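Overview (structure and organization)
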Amino acid sequence: ETLHERGISQAKMTSIERRLARFIANERIVVPLIWKCFLAHVLMPFRGQRLSFVLDNTPFRDELTIVYLGLLMHSRVLPVAWAVMPAQTTWDEGQWNIVGRLLDQVRLHLPNTCCTLIADRGLAGMPLVKLCTARGWHYLLRVRAEHTCRRYFNGTLERSWKRFGQIVLRRGYRWYGRARVWQEETLDTCVSLLWDPEYEEPWLLISDAGAGHRQVQLYAWRMGVEATFQD
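All figures in this text were calculated on a predicted structure; none of them were measured in a lab.

Re the overall build of the protein chain
The number of helices and strands found in the protein chain is 7 helices and 11 strands. A separation of at least 24 residues holds for 49% of the contacts in the protein chain among residues at least 6 apart in sequence. Counting every atom, the protein chain has about 14000 Å² of accessible surface; 54% of that belongs to carbon and sulfur.

Okay, structure coming up:
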């Protein structure tokens, strides 16, 4: 690429940025109303398919937290619903009410569609499982090492509770099966425990749709979040 071509490319980008800035600054544009119509149009072709959505929290400086739901497509996560919350003050609406509202915004446009929600450790817990179950969505969640479980072996439940961190102690460890997780409010679910030699930490995954390589691969696609941020 010559310096001349690079200069033209930068000029085009500057022009695009100015155009977008004017669009955003236009007070006649009511984003929630436009987005509602836009979302209905965009999601319609996906009806009846198997879809995966990523739920995440993203801090913006020290001022805001963006709670968003994104559609996993190829190597990117495309945001489809979100809420912007203050980072330093109490939220007027509880976190799980917000998440439920975001799920409902998307679910409205996807009847008879198989949806799986993927979330990282900061959001994994029984409240999120209940939100998914109530809406007929599957879940694939990464849990923390300090969370507890009792595994099933040949149909028999272990006697004592163990932290996941006590089970996965070394690189190369793998275990797929069923377990009862969380002592406070228990859940029988499928568990995929994996510490790939290339990973800094083990992956501790729970899902209502089975355990094994498929769940691990699906969770790995969640890393499209980082590529989207880089974009």
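A short note on the packing of helix α3 (residues 95-107) against helix α4 (residues 126-134)
Taken N-terminus to C-terminus, the directions of α3 and α4 make an angle of 25°; their axes are 10 Å apart at the nearest point. What the angle tells us is that α3 and α4 run roughly parallel. Between α3 and α4 the crossing geometry is right-handed. Each of Trp96, Val99, Gly100 and Leu103 in α3 lies in contact with α4, whose residues at this interface are Pro127, Leu128 and Leu131.

Describing α4
Residues spaced three or four apart along an α-helix face the same direction, because each turn holds 3.6 residues. When we look at burial in α4, the residues that qualify are Met126, Leu128, Val129, Leu131 and Cys132. On its buried face, α4 sits against β1 (50-60), α3, β4 (114-119), β5 (138-142) and β10 (187-194). Gly136, located one to two residues past α4, shows a positive phi value of around 75°.

Remarks on the packing of aromatic side chains
With the rule as written, the count across this model stands at 6 aromatic pairs. Each ring, one from Trp35 and one from Trp82, has its centre 4.9 Å from the other, and the planes form 70°; the classification is edge-to-face. With Trp35 in helix α2 (residues 31-43) and Trp82 in strand β3 (residues 76-86), this pair connects stretches of sequence that are 47 residues apart. Taken together through their ring pairs, the aromatic side chains of Trp35, Phe38 and Trp82 make up a single cluster. Taking the ring centre of Trp175 as reference, the NZ or CZ of Arg151 above it sits at 4.9 Å.

With respect to the pairing of β10
Counted residue by residue, β10 has 7 buried out of 8 residues, so it is predominantly covered. Here strand β9 (residues 174-181) runs beside β10; their pairing, made up of 8 bridges, is antiparallel. Paired with Val181 across the two strands is Leu187, which belongs to β10. Here β9 hands over to β10 after 5 residues, with Trp182 in that stretch at a positive phi of 65°. Of the strand pairs in this sheet, β10 and strand β11 (residues 203-207) are connected by 5 bridges, and their pairing is antiparallel. Among the inter-strand pairings, Leu193 is bridged to a residue of β11, identified as Leu204.

Quick notes on the environment of Tyr152
Structurally, Tyr152 can be placed in strand β6 (residues 148-153). Distance in space between the C-alpha atoms of Tyr152 and Cys190 is 10.0 Å, their sequence separation being 38 residues. Residues within four places of Tyr152 in sequence aside, it is in contact with Leu157, Trp175, Arg178, Ala179, Arg180 and Asp188. Within the structure, Tyr152 has its side chain in polar contact with the side chain of Arg180 (distance 3.0 Å). A distance of 2.8 Å separates a polar atom in the side chain of Tyr152 from a polar atom in the side chain of Asp188.

A look at the pairing of β1
Pairing geometry for β1 and β4, over 6 bridges, is parallel. Note on β4: the bridge partner recorded for Leu51 is Cys115. In this structure, β1 lies alongside strand β2 (residues 64-73), joined through 8 bridges in antiparallel fashion. Across the sheet, Thr58 pairs through a bridge with Ile66, a residue of β2.

Rules used in this analysis
Residues numbered from 1 in each chain as written. Predicted model: local features only at pLDDT ≥ 70, side-chain atom pairs only at ≥ 80, totals over all residues. Heavy atoms only, no water. Helix = DSSP H or I, 4+ residues; strand = E, 2+ residues; numbered from the N terminus. Contact = heavy atoms within 4.5 Å. Areas by Shrake-Rupley, 256 points an atom, 1.4 Å probe, with all protein chains shown as cover. Axes fitted to C-alpha atoms, helices over the stretch in contact; angles between N-to-C directions. Parallel < 35°, antiparallel > 145°, perpendicular 65-115°, else oblique. Left-handed = near helix turned anticlockwise from the far one by under 90°. Buried < 20%, exposed > 50% of the residue type's maximum accessible area, 1.4 Å probe, protein only. Phe/Tyr/Trp six-rings, centres within 6.5 Å; stacked < 30°, edge-to-face > 60°. Lys NZ or Arg CZ within 6 Å of the ring centre and 35° of its normal. Pairing = 2+ DSSP bridges. Polar contact = N/O pair within 3.5 Å; in protein donor to acceptor, adjacent residues only side chain to side chain.

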